[in-house]
Amino acid sequence: MSITYGATGLRRTAARKRYVSHVFRQYWRAFLQWRCRERLRTDLCNLSDRELMDIGTTRGEIDYVASNQWRDPRGIRSVE
């Protein structure tokens, strides 16, 4: 009976380790995405108004563009 209990205990420990590593990976990905958004936001804020007009955005749209990089703020599909 102790062997069965030991095997069950090992499975539970392994499952907990996988859960912890999964949670850590989720937090790490979220952190990397946040850094990417902040870097983009900083780069866009450093552009002049003329340069922003050239790429088709305004200062008021910088936060939206940084948070939704895959969407076009005007609702037009971008060519990539």
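Rules used throughout
Within each chain, residue numbers correspond to sequence positions counted from 1 in written order. Note on the predicted model: pLDDT of at least 70 is required for a residue's local features to be given, and 80 or more for side-chain atom pairs to be given and counted; whole-chain, interface and lining totals, by contrast, use all residues. Side-chain figures throughout are based on the complete set of non-hydrogen atoms in the structure, without hydrogens or water. Going along the chain from the N terminus, every DSSP run of H or I of four or more residues is numbered as a helix, and every run of E of two or more is numbered as a strand. Only protein chains enter the accessibility calculation, which uses a 1.4 Å probe. A residue is then buried if its area is under 20% of the maximum for its type, exposed if over 50%, and partly exposed in between. Two residues form a contact once any of their heavy atoms are found within 4.5 Å. Only the protein chains shown count as cover for residues, with accessible areas throughout obtained via the Shrake-Rupley method and a probe of 1.4 Å. Whenever Lys or Arg places a side-chain nitrogen within 4 Å of a carboxyl oxygen from Asp or Glu, that contact is recorded as a salt bridge. Patches here are clusters of residues that have more than 30% relative accessible area and form no salt bridge, with a 9 Å joining cutoff for like charges and a 5 Å cutoff for nonpolar side chains (Val, Leu, Ile, Met, Phe, Trp, Tyr).

> So what about the overall build of the protein? Which residues, and what values?
Along its length, the protein carries 3 helices and 0 strands. In sequence order, the protein lays out its α and β elements as α-α-α. Burial statistics for the protein: of 80 residues in total, 11% are counted as buried. A separation of at least 24 residues holds for 27% of the contacts in the protein among residues at least 6 apart in sequence. If you sum the accessible surface of the protein, you get close to 7,100 Å²; carbon and sulfur atoms cover 58% of it.

> Describe in detail the pattern of salt bridges, supporting the description with residues and values.
Applying the stated criterion across every chain yields a total of 4 salt bridges. The residue R41 makes a salt bridge to E38 at a minimum N-O spacing of 2.5 Å. Of the two residues, R41 and E38 are both situated in helix α1 (residues 2–45); the distance of 3 residues between them amounts to about one turn of the helix. What makes R41 buried here is its relative accessible area of 18%. Residue classification places E38 among the partly exposed positions, given a relative accessible area of 29%. Between R59 and D49 there is a salt bridge, with the nearest N and O atoms lying 2.8 Å from each other.

> So what's going on with a nonpolar patch on the surface? Which residues, and what values?
A cluster of nonpolar side chains, contributed by F24, W28, F31, L32 and W34, occupies part of the molecular surface with about 540 Å² of accessible area. By the secondary structure assignment, F31 is in helix α1. Residue classification places F31 among the partly exposed residues on the basis of a relative accessible area of 37%.

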